[in-house]
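# Commentary on secondary and tertiary structure
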Amino acid sequence: MTRVRAYTGAGAAVLRRDFQTALSYRLQLIGTVFGSFVSLTIFYYVSRLVRVEPFESPDEYFAFVLVGLVIFAMLQALLGGAPVIVRQELVAGTFARVVLSPLGPVAGICAMLLFPFAIALVTGTVTLLFGVAAFGVDLDLPRALLGFPVAFLAALSFAPFGLLSACLVLIVKQSALGVGLLLAAISLVSGLYFPVDLLPGWIGWAADVQPFTPAVDLMRHLLVNAEMQSSPSVALLKLAAFGAAMLPLSLWLLAQTIGFTRRRGTIIEY
Amino acid sequence: MSARPSADAALVAGDQPRFDPDGRAPALIVEEVTKVLGKRAILDGVDLALPAGTTAWISGGNGAGKTTLMRLMAGLIVADRGTVSFDGLRVDTDRRAYQTKVGFLAAGDSGLYARLTVRQNLDFWAGLAFVPRSRRRATVARAVERFGLTDLASRRADRLSLGQRQRVRLALTFLHAPRLVLLDEPSASLDDDGVALLLSAVDEHAATGGTTVWCAPARQTEVRHNRAFVVRDGRLEPV
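My aim in this report is to walk through the structure given alongside it, one point at a time. Computed from a predicted model, the values in this text were never measured in an experiment.

Before going further, it helps to spend a moment on the overall build of chain A. Scanning chain A from terminus to terminus reveals twelve helices and zero strands. When the helices and strands of chain A are read in sequence order from the N terminus, they spell out α-α-α-α-α-α-α-α-α-α-α-α. For a compact globule of 270 residues, the expected C-alpha radius of gyration is about 18 Å, and chain A comes in at 19 Å, within 12% of that figure. A principal-axis box enclosing the C-alpha atoms of chain A has dimensions of 60 × 45 × 35 Å. In chain A, once contacts between residues fewer than 6 apart in sequence are set aside, the share between residues at least 24 apart is 77%.

Take a look at the structure:
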């Protein structure tokens, strides 16, 4: 068996396990989708109140925020998901099994991000279609399909933040507060719910130094034909550059963290 | 081919033979292993050499360092000093290859995915252990049969008794046909039938040349071990 095949098989086993676990809760998947419909409906009625300069109509703001919600689901899956999953594994005592498997802890933690990302992708797509069907959002379907490869690219640039959060859990065993604050900060500076132009100058720079703003910008352009802050190629380049620089760095840091906790003897503590 | 070193020549610190008195080359070698946790030296220069086919018993009082030694041999934690190797593979530098050869049962009753069935837990571990897809179904079926889990295979792990959970954990330990099996208090919660299945698995493992380390505070007479040690004051002493 080749190494690639062995790793792919092991990754698929992790994905299947997470799917089986989610199915065992029966209402979890339905609840996730229903929750996003409720959020969308709330924002639809909030958008009816919006009459501000950056948007010509309430519908334009609603389409803007719809894409923000879809991206936020991805952020939650990749950033918020990783530390929660690792902590659950530690508490259940199953992380030791991952550490002692030929797959290993680094690849194991990466594989644990697959299911949350897949769910975020499905939920995002269903939410988007719900927005189109229930609230008449104008979606250019052939172009919107390009959103999928962009979502994968975005995932590669978001995932490092999740891996770094997992490092935090392995060292300090808790990260809920830190990750919650990080998600809130990202929502603020990446234009999920309002244009980043509205940010005051002293914090405006934060919109340019992370991969979330170009991802949101690009997805909005593809899905609801919104105007971009920069050209699509620049946004793509930024996303790719963040992924290329941050992913190896975060994987290295994760490996170092695992080595550190194995030396300290705290790797399976929680 | 180089000549096998004599037992005398192979003596290392602590007067533990590097080579078995029978002249068999050791499969598992623990050399000068030291581990400090917090400010306390749990293990201090531990040596152990076990040839293939050996079943070794390690005892010691509560907190003596047995579990720490087992975790070090499994590769869960890393020694401050010294090395652990099996079949020429070092636990620290040959991680992947080493882990394909090792099966580890941790003390306690954790390590199962509560919402998965017994079969799903076994199938998941088979995937993680790089058991080829074509062999996975048969491997899981054999583990189910070997540990008397046929009637429980479709039951969720959180609906099992402690003894039943222990059988599943043992099935996971032996599933991928490891050559080195490390068992930390394996008979905990098992009924007589469960203990019999465990002993049979250990005997079968030894008969095929596998090495087993069985660790528990008190010696169980029914275990057919051919080496026995005690962890005392951070050292491993033959009994």
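A few words on the environment of A:Ile171. Residues and elements named next belong to chain A. Inspection of the secondary structure assignment puts Ile-171 in helix α8 (residues 147-172). Along the sequence, Ile-171 and Leu-121 sit 50 residues apart, while their C-alpha atoms lie 30 Å from each other. Excluding anything up to four places from it in sequence, Ile-171 contacts Thr-257, Phe-260, Thr-261 and Arg-264.

On to the interface of chain A and chain B. Counting residues at the interface gives 34 residues for chain A and 34 residues for chain B. Between chain A and chain B we count one salt bridge in total. The salt bridge involving A:Arg16 is made with B:Asp123; its shortest N-O contact spans 3.3 Å. Here chain A and chain B share 13 residue pairs in polar contact (both at pLDDT 80 or more) between them. Mapped by element, the contributors of at least two residues to the side of chain A that touches chain B are α1 (3-24), α3 (58-92), α4 (95-99) and α12 (232-264) of chain A. Considering every element that reaches the side of chain A that touches chain B, the biggest residue donor is α1(A), with twelve residues.

The next point concerns the pattern of salt bridges. All names here are of chain A. Counting across every chain of the model gives 15 salt bridges over all chains. With a closest N to O distance of 2.8 Å, Glu-89 and Arg-17 form a salt bridge. Here the residue Glu-89 occupies a position in helix α3, and Arg-17 occupies one in helix α1, the gap between them amounting to 72 residues. Judged by relative accessible area, Arg-17 falls into the buried class, the value being 2%. Linking Asp-59 and Arg-48 is a salt bridge whose minimum nitrogen-to-oxygen distance equals 2.6 Å. Placement of the pair is Asp-59 in helix α3 and Arg-48 in the loop between α2 (27-47) and α3, with a sequence separation of eleven residues. Within the structure, one salt-bridge network assembled from shared partners comprises Arg-17, Asp-18 and Glu-89.

This part takes up the sheet that holds strand β7 (residues 89-90) of chain B. All names here are of chain B. Taken together, four strands build an open sheet; the order of strands is β4-β3-β6-β7 and the sheet is antiparallel. Two strands bound the open sheet, and with one partner strand each, they are β4 (40-51) and β7. Here five bridges tie strand β3 (residues 26-37) to strand β6 (residues 81-86), and the two strands are oriented antiparallel to one another. Across the sheet, Thr-34 pairs through a bridge with Arg-81, a residue of β6.

Glancing now at the packing of aromatic side chains. Overall, the coordinates contain 19 aromatic pairs over all chains when judged by the stated rule. Between A:Phe37 and A:Phe130, the ring centres sit 4.0 Å apart and the planes meet at 15°, which makes this aromatic pair stacked. With A:Phe37 in helix α2 and A:Phe130 in helix α6 (residues 114-135), this pair connects stretches of sequence that are 93 residues apart. Each ring, one from A:Phe130 and one from A:Phe135, has its centre 5.7 Å from the other, and the planes form 90°; the classification is edge-to-face. Overall, A:Phe130 belongs to the partly exposed group, its relative accessible area being 22%. It is A:Arg220 that lies over the ring of A:Phe64; its NZ or CZ is 3.3 Å from the centre. Over the aromatic face of A:Tyr25 sits the side chain of B:Arg115, whose NZ or CZ is 3.8 Å from the ring centroid.

Let us look at the environment of B:Asp92. Residue and element names in this part refer to chain B. Here Asp-92 shows up in the loop between β7 and α2 (95-101). The class of Asp-92 is partly exposed, set by a relative accessible area of 42%. The spacing of Asp-92 and Leu-72 is 20 residues in sequence and 9.9 Å in space, taken between C-alpha atoms.

The rules we used
Throughout, residues of each chain are indexed from 1 in the direction in which the sequence is written. Written order decides the labels, with chains lettered from A and ligands numbered from 1. Residues qualify for local features only when their pLDDT is at least 70, as the model is predicted, and side-chain atom pairs are given and counted only at 80 or more; totals for whole chains, interfaces and linings, by contrast, use all residues. With hydrogens and water stripped out, all remaining heavy atoms of the structure feed into the side-chain values. Under the scheme used here, helices are H or I runs from DSSP no shorter than 4 residues and strands are E runs no shorter than 2 residues, and both carry numbers assigned from the N terminus. Atoms counted for the radius of gyration: C-alpha only. Globule rule: 2.2 Å times residue count to the power 0.38. Note on definitions: a residue-residue contact is assigned when non-hydrogen atoms from the two residues lie within 4.5 Å. The rule for a salt bridge is simple: a side-chain nitrogen of Lys or Arg has to be within 4 Å of a carboxyl oxygen of Asp or Glu. Any pair of nitrogen or oxygen atoms within 3.5 Å is treated as a polar contact; in protein, a donor-acceptor pairing is required on top of that, and neighbouring residues in sequence qualify only through side-chain atoms on both sides. Burial classes: relative accessible area under 20% of the type maximum marks a residue as buried, over 50% as exposed, and values in between as partly exposed (1.4 Å probe, protein chains only). For two strands to be treated as a pair, DSSP must find at least two bridges joining them. When the centres of two rings from Phe, Tyr and Trp lie within 6.5 Å, Trp using its six-membered ring, the rings pair. Their planes under 30 degrees apart give stacked, over 60 give edge-to-face, and anything left gives tilted. By the criterion adopted, a ring carries a charge over it if an Arg CZ or a Lys NZ lies within 6 Å of its centre and within 35 degrees of its normal.

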